[in-house]
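Report on the structure
One-letter residues, chain by chain:
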Amino acid sequence: MPCPSSCPPGLLALMAPGLALLATFSLPSQAGDRRTLPVEKPSGVKGRTLILLDVNTKSPVRIISENFLSLQLDPSIIHDGWLDFLSSRRLVTLARGLAPAFLRFAGKRTDFLQFHNVKNPAKSRGGPGPDYYLKNYEDARSLDKLYNFADCSGLHLIFALNALRRNPNNSWNSSNALSLLKYSASKKYNISWELGNEPNNYRTLIGRSVNGSQLGKDYIQLRSLLQLIRTYSKANLYGPNIGRPRKNVIALLEGFMKVAGSTVDAVTWQHYYIDGRVSKVTDFLKTRLLDTLSDQIRKIQKVVSMYTPGKKIWLEGIGATSSGGMNNLSDSYAAGFLWLNTLGLLASQGIDVVVRHSFLDHGHNHLVDQNFNPLPDYWLSLLYKRLIGPKVLAIHMAGLQRKHRPGRVIRDKLRIYAHCTSYHNHNYVRGSITLYIINLHRSRKKIKLAGTLRDKIVHQYLLQPYGKDGLHSKSVQLNGQPLAMVDDGTLPELKPRPLRAGRTLVIPPLTMSFYVVKNVNALACRYR
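Residues numbered from 1 in each chain as written. Predicted model: local features only at pLDDT ≥ 70, side-chain atom pairs only at ≥ 80, totals over all residues. Heavy atoms only, no water.

What the chain contains, in helices and strands, is 12 helices and 23 strands. Considering only intrachain contacts with a sequence separation of at least 6, the fraction spanning at least 24 residues in the chain is 82%. Carbon and sulfur atoms make up 48% of the accessible area of the chain, which amounts to about 21,500 Å² in all. (Helix = DSSP H or I, 4+ residues; strand = E, 2+ residues; numbered from the N terminus. Contact = heavy atoms within 4.5 Å. Areas by Shrake-Rupley, 256 points an atom, 1.4 Å probe, with all protein chains shown as cover.)

Structural data, given as structure tokens:
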């Protein structure tokens, strides 16, 4: 099946993601890689507004996947009739902008889809009507369209198989999955695999639970199936894609890891920040909400390190809410604070890949709306892909620290991350460093680059809401210029604003920004 426009060879060279260390002034427990700098007071800059910033350029503290920022498509696109639109040139252009990345095809409907190996199931003699197939079946034509979209966009497809086809003894019935595997192998589709979606919710869905030990056996069974098919004998397998790690979910994960920890190539879980009842833009500005992910990461890492030390961990399925999002909130500029902080926090704590739910057509958590217009989180992701490399660097900060109030932990609202600049961005020589900064304060903040960053030319990429809606806006501007596609096949040029060497960085209130520090010649960033 031809692509709507010429397909790039392999993965695109736009960039690979990576991230940085969280700098939280008022939380000493999070300052493991932060060192104190002598506080200077340069002339012309008030001491109380100044923050000094340096970066350790000798070696990275983490190295994450080049596909770190990846995407998810929900199977609801079959039920809702959106699958045919994946051939849209505009959608391919938007997806290609975020390559290289994984494209995970999974969601709540994963465990209700069945594969039917006919090109036009509606015409199958004696079979159910077309509505039945549209709502319940992934047919050969649908799989072809899905794979073609991923391939033309430079994305690697991860397909989650239905885990709720069970035998009377509650073991997994693999017959339908085997049919799908044989078909995709006959087409030589390069796919990685998963089994099921949020198995901790099965009792709610069908009144039958699957414990961690049984799920582990099911994964071993799937691995055996893959090894029987030459095309997939070395294919990657990911799981178990559990939900938020509460006590019962941790028990499920422990049971799974005992049985199948060595079977999967990465351990996966999901996280959603807010329930659907929250409806205020200020909820996205709460530092307490931003910090909830740290505890989730530690719980998952503790279990994984107990059974399979060194195993990679992925966060699959991340969004502002689990209920499809909220119009004018989770699809607005304000939601970007959660998204960018998520990227920074995950990278700094060694999570290898994060999969954003969803690229298209799932409530209001998506990156692209139903008119195929990119939303603020899309532009944020595009900047991230263009500027951020996989090597995470430690930051060193000093400046005014707010005193602790009795009985209350004060969380800082200025979050700074540093990485080697993407090797795929040919506008910058190797050895350059990219900072990205979230300012949740309602006042501007000033940052003076020190040490190895002192007196270097800096390129600013300041992302702000565009239009009268403020933080509710679904449009953004970059350095004062609104961002929009040039045409269906062309993304806009992301033009930086050059800052003179030695200039203090002034961070506007309630904004997100990227700063490329040029020609640092950082040892950590010279080589891939």
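Our focus in this paragraph is the state of the cysteines. All chains considered together, the criterion is met by 1 disulfide. With its sulfur 2.0 Å from that of its partner, Cys420 forms a disulfide with Cys525. The sign of the S-S torsion, about -80 degrees, decides the handedness of the disulfide formed by Cys420 and Cys525: left-handed. Of this pair, Cys420 sits in strand 15 (residues 414-421) while Cys525 sits in the segment after strand 23 (511-517); the two residues are 105 residues apart in sequence, bridging distant segments of the chain. Relative accessible area serves as the criterion here: at 1%, Cys525 is assigned to the buried category. (Disulfide = S-S within 2.5 Å. Buried < 20%, exposed > 50% of the residue type's maximum accessible area, 1.4 Å probe, protein only.)

Leu73, Trp193, Tyr232, Trp269, Phe359 and Phe514 are the most contacted members of the largest nonpolar core, which totals 127 residues. No other element matches helix 11 (residues 335-348), which puts 9 residues into this core. Sequence-distant contacts of Phe359, that is, excluding residues within four places in its chain, are made with Leu71, Gln72, Leu73, Leu91, Leu94, Ala95, Phe149, His366, Leu367 and Val368. Core analysis: the second largest hydrophobic core is formed by 26 residues, Leu393, Ile416, Leu435 and Leu505 among them. (Core = buried A, V, L, I, M, F, W, Y, C linked by side-chain atoms within 4.5 Å.)

It is worth spelling out the pairing of strand 10 (residues 266-274) at this point. By the criterion of burial, strand 10 is predominantly enclosed, with 9 of the 9 residues buried. Sheet topology places strand 9 (residues 237-242) next to strand 10; 4 bridges connect them, and they run parallel. Residue pairing in the sheet places Pro240 in a bridge with Thr268 of strand 10. Since strand 9 and strand 10 lie parallel, the crossover through helix 8 (residues 247-260) that links them has a hand, and here it is right-handed. (Pairing = 2+ DSSP bridges. Right-handed = clockwise from strand over helix to strand, strands pointing away.)

The omega torsion of the bond from Gly239 to Pro240 falls at 5 degrees, within 30 degrees of zero and hence cis. Ser358 follows His357 through a cis peptide bond whose omega is 15 degrees. Secondary-structure assignment places Ser358 in the loop between strand 12 (353-357) and helix 12 (376-387). One non-glycine residue with positive phi stands out, namely Asn241, at about 55 degrees. Counting through the fold element by element, Asn241 comes out in strand 9. Classification of Asn241 by relative accessible area gives buried; the value is 0%. One non-glycine residue, Asn519, lies in the positive phi region at around 55 degrees.

Position of Leu505 relative to the elements: it lies in strand 22 (residues 505-507). As a C-alpha pair, Leu505 and Ile447 span 58 residues in sequence and 5.0 Å in three-dimensional space.

Below, the discussion takes up the confidence of the model for the chain. Overall, the predicted model of the chain reaches an average pLDDT of 85, with 82% of residues at or above 70. Segment residues 6-48: pLDDT under 50, and 156 contacts once partners within four positions in sequence are set aside and those in other chains are kept. For the stretch residues 121-136, pLDDT sits under 50, and the model shows 17 contacts to residues farther than four places along the chain or on other chains. (pLDDT = per-residue confidence, 0-100.)

Attention shifts here to a nonpolar patch on the surface. A surface patch of nonpolar side chains, amounting to about 250 Å² of accessible area, comprises Phe112, Leu205 and Ile206. Tracing the sequence through the fold places Phe112 in the loop between strand 4 (101-105) and strand 5 (114-116). According to the relative accessible area criterion, Phe112 is partly exposed, its value standing at 38%. (Patch = residues over 30% accessible without salt bridge, like charges linked within 9 Å, V, L, I, M, F, W, Y side chains within 5 Å. Salt bridge = Lys/Arg side-chain N within 4 Å of Asp/Glu carboxyl O.)

Let us now look at the pairing of strand 23. The side chains of a regular strand alternate between the sheet's two faces. Burial analysis of strand 23 places 7 of its 7 residues in the buried class, which makes it a mostly covered element. In this sheet, strand 23 lies alongside strand 16 (residues 433-439) in antiparallel orientation, the contact comprising 7 bridges. Bridging across to strand 23, Ile433 finds its partner in Val517. One ladder, built from 6 bridges, connects strand 18 (residues 458-465) with strand 23; its direction is antiparallel. By the bridge assignment, His459 is partnered in strand 23 with Val516.

With that settled, consider the packing of helix 8 against helix 10 (residues 292-307). Two numbers describe how helix 8 lies on helix 10: the axes approach to 10 Å, and their chain directions differ by 25 degrees. By the angle between their directions, the pair helix 8 and helix 10 is classed as roughly parallel. In terms of crossing hand, the pair formed by helix 8 and helix 10 is right-handed. The residues of helix 10 that touch helix 8, namely those facing Ile250, Leu253, Glu254, Met257 and Lys258, are Lys299, Ile300, Val303, Val304 and Tyr307. Residue composition of the contact of helix 8 with helix 10, grouped by class: 7 nonpolar, no polar and 3 charged. (Axes fitted to C-alpha atoms, helices over the stretch in contact; angles between N-to-C directions. Parallel < 35°, antiparallel > 145°, perpendicular 65-115°, else oblique. Left-handed = near helix turned anticlockwise from the far one by under 90°. Nonpolar A, V, L, I, M, F, W, Y, C, P; charged D, E, K, R; others polar.)

With that out of the way, let us pick up the environment of Pro199. Tracing the chain through its elements places Pro199 in the loop between strand 8 (191-195) and helix 6 (202-206). Classification of Pro199 by relative accessible area gives buried; the value is 3%. Apart from the residues within four sequence positions on either side, Pro199 is in contact with Leu215, Pro240, Asn241, Ile242 and Leu252.

Turning to the sheet that holds strand 17 (residues 445-449), a few remarks are in order. Across the sheet, which stays open at both edges, the 4 strands sit in the order 14-1-17-22 with mixed pairing between neighbours. Either end of the sheet is taken by a strand with one partner, and the two such strands are strand 14 (395-399) and strand 22. Ignoring strand direction, the axes of neighbouring strands in this sheet form an average angle of 30 degrees.

The end-to-end C-alpha distance of helix 4 (residues 140-152) is 18 Å, a good match for the 18 Å that 13 residues give at a rise of 1.5 Å each. Burial analysis of helix 4 places 11 of its 13 residues in the buried class, the great majority of the element. Backbone geometry just downstream of helix 4 places Gly154 in the positive-phi region, at approximately 75 degrees. (Expected span 1.5 Å × (residues − 1).)

Further remarks concern helix 7 (residues 212-228). Residues spaced three or four apart along an α-helix face the same direction, because each turn holds 3.6 residues. With 17 residues, helix 7 extends 25 Å from end C-alpha to end C-alpha; this agrees with the ideal 24 Å at 1.5 Å per step. Turning to helix 7, its buried residues are Gly212, Gln214, Leu215, Gly216, Asp218, Tyr219, Leu222, Arg223, Leu225 and Leu226. Where helix 7 is buried, its residues contact strand 7 (155-161), helix 5 (175-186), strand 8, strand 9 and helix 8. One side-chain oxygen at the N-terminal end of helix 7 lies 3.2 Å from the backbone nitrogen of Ser213; it belongs to Asn211. (Polar contact = N/O pair within 3.5 Å; in protein donor to acceptor, adjacent residues only side chain to side chain.)

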